[in-house]
Each structure stands twice: as structure tokens, then as C-alpha cells.
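# Remarks on the overall topology
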Amino acid sequence: MATNYVSKNASINESSIVKNTEIYEKVKIGHKCRVIDSILSGTISIDEEINLKESSLKGTITISKNCKLYGVSIKGNVIIDDFSSLWGPNISLNSNEQFIRIGKFCSIAKNTTFQTFNHNTKKVTSYFIGQNLFNEKWENETVSKGDIVIKNDVWIGTHCVVLGGVTINNGAVVAANSVVLSDVPAYSIVAGSPAKVIGYRFSDDIIEKFQKVEWWNWNDDKMKKNRFLFENEIQIEDFDKII
């Protein structure tokens, strides 16, 4: 029989299904969500129609509507926007004071790691000696180049690593087994360690059109009216047919 632990400070919409899950602190679960076999702790807002399975969330986290998360570990400050899919297992998102921001309609594959901070190599030892020997929290044992920002319609393949201070721009693709250390241009395809541009998804004129129309910000009704745009491979003349 499925059992849950739910904090008195938590809020779960009656239309949502929660099974085999522990919920601590200020967690809010919205309309028609499914939260299965997971642990949630912190100030967490889960919007509507979200599928969350076999995941651990701890920190200050916002997940917007229609997202899918399976086998994901999140620690720290994280924002995930509409319709993004983090489909593991073994996806790890870790931040300290910095943020990890993931835009709309992103696809993130299994065994992928985002980390905003690293060991400080300028000290006597890169080991966390303050924490593990002196039993103290020393802020300068880690260093960071800043937030990780994943914009919209980004696909990150399996076994990728994305480090702090990086922005992956709209429509980009990160090939499997890549290590992203610097910004990724819009609609580019990058691969390798460190990741480098190996091509672009579209011609410059089509990329310019996509950046202008920003389809990911359309409401559901407009997307359905322009279904043709999503059904087939894109042609430049298709942009003139948008209603």
C-alpha cells in the first residue's frame, strides 16, 4: 500500500496524485500533478500537470506547468520553465548561491550533470578539509563562475556536463558526452570536451526568423492553430503562413 509523509506546511491540490513520497517544509503542488516515489524538501513550487517520478528535490525550486522529471536529483536554487523534460535516470542539478535556470521546451537526457561550483584549486588543498577535518563550513572551499542558464528548445544529450557561468542559447543541441565550459550560440550543435560548435541546425535566415517569432512563448491555442509549423521540417516560406 502506498504511503506518504507530508509536512503540515505543504499544500497539495486535491486533483493531484502523490504516492510513496516524503514532503518536507514549504512545498506546493498544483493542479493535476503526479508525484511518485520522490523526496521534496525546501521551498518548492510545482505548477500544474507535472509528472515527477523517482526524484529528489532539495532547496528553492520552481517547476512550471507540464514538465516531466524522472530520476532527477536537484539541490540548490533551480527554476525549470514550461514543458521541459528531464528524463533520467541519473540527472543531477547542483547549485550553491548561484541559480540554474532551464527554459521552455527543453529536453535533457539521462546521466547529465549541471554544477555551478567547483573545488578551489588556489588553496593549499583542493580537498574539502574545512568540512571533513575541521567540521566547519568554509565558503572559500568552492568557487563559481556564475549561474547556468539554459534557454528555450535546448536538447542536451546523455552523459553531458554543464558547468557554472555558461549560457546555452535558444534552439541549441549539445551532443552526447560533451563538457560545456563556455556559452553556446543559438541553434548551434556543439560536441566534445570542451564542447565546440560543429554545425548549425538551420540557415542564418531561418534562425533569425525563429528568434523573432519566439514560438516557445505562444499560448497553447496559438500553437495548435499553427500546428503545421511543428509537423514537418521547416522551410523559410512557412513563417509567412503563421497566424
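Further up the page is the structure itself.
Right, let's walk through the structure included here. Every value quoted in this text rests on a predicted model; they were computed, and no experiment measured them. (Residues numbered from 1 in each chain as written. Predicted model: local features only at pLDDT ≥ 70, side-chain atom pairs only at ≥ 80, totals over all residues. Heavy atoms only, no water.)

## A few points about the nonpolar core
For soluble globular proteins, the rule of thumb is that nonpolar side chains tend to be buried together. What counts, and what does not: Here the nonpolar core consists of buried residues drawn from Ala, Val, Leu, Ile, Met, Phe, Trp, Tyr and Cys, with membership extended through side-chain atoms lying within 4.5 Å. Under the scheme applied here, a residue whose accessible area is under 20% of the maximum for its type counts as buried, over 50% as exposed, and between as partly exposed, the area being computed with a 1.4 Å probe on protein chains only. Each helix corresponds to a stretch of at least 4 residues labelled H or I by DSSP, and each strand to a stretch of at least 2 residues labelled E; elements are numbered beginning at the N terminus. Contacts are assigned to residue pairs with any non-hydrogen atoms lying within 4.5 Å of each other.
Of all hydrophobic cores here, the largest spans 43 residues; its most connected members are L93, I102, F114, I156 and I168. Among the elements of the structure, strand 5 (27-29), strand 7 (39-46), strand 9 (56-63), strand 10 (68-80), strand 11 (85-102) and strand 16 (148-150) are those that each provide at least two residues to this core. When neighbours within four sequence positions are excluded, I168 is seen to be in contact with V149, I150, K151, V154, I156, V162, V174, V180 and V184. Of all hydrophobic cores here, the second largest spans 13 residues; its members include F105, I207, W218 and I234.

## Describing the pairing of strand 22 (residues 188-191)
Quick reminder of the rule: In short, DSSP must find at least two bridges between two strands for them to pair.
Burial of strand 22 is one-sided: the residues S188 and V190 facing one way are buried, the residues I189 and A191 facing the other way are not. With two bridges connecting them, strand 20 (residues 173-174) and strand 22 associate as parallel partners. Within strand 22, the residue paired with V173 across the bridge is I189. By the bridge criterion, four bridges tie strand 22 to strand 23 (residues 196-200) in an arrangement that is antiparallel. Bridging from a neighbouring strand, V190 pairs with V197 of strand 23. In sequence, strand 22 turns back onto strand 23 through a hairpin of four residues, with G192 there showing a positive phi of about 105°.

## Thoughts on unusual backbone geometry
Each neighbour pair has its own omega, and for G88 with P89 the value is 15°, a cis peptide bond. Mapping P89 onto the fold places it in strand 11. Each neighbour pair has its own omega, and for S193 with P194 the value is 0°, a cis peptide bond. Position of P194 among the secondary structure elements: in the loop between strand 22 and strand 23.

## With respect to the packing of aromatic side chains
Heads up, the condition is: When two rings of Phe, Tyr or Trp (its six-membered ring) have centres within 6.5 Å they constitute a pair, described as stacked for plane angles under 30 degrees, edge-to-face for angles over 60, and tilted for the intermediate range. Two thresholds decide whether a charge sits over a ring: the Lys NZ or Arg CZ must be within 6 Å of the ring centre and within 35 degrees of the ring normal.
Considering all chains together, one arrives at 12 aromatic pairs under this definition. Centre to centre, the rings of F202 and F210 are 5.2 Å apart; their planes meet at 45°, and the pair counts as tilted. On the basis of relative accessible area, F202 is assigned to the partly exposed category, the value being 21%. In this structure F210 comes out as buried when scored by relative accessible area, which is 8%. Measuring from centroid to centroid gives 5.7 Å for W215 and W216, while their planes differ by 70°, and the two rings are edge-to-face. Residues W215 and W216 agree in their burial class; the two are buried. A network of ring pairs unites the aromatic residues F83, F105, W215, W216, W218 and F230 as a single cluster. Over the ring of F99 we find R101; its NZ or CZ atom is 4.6 Å from the centre of that ring.

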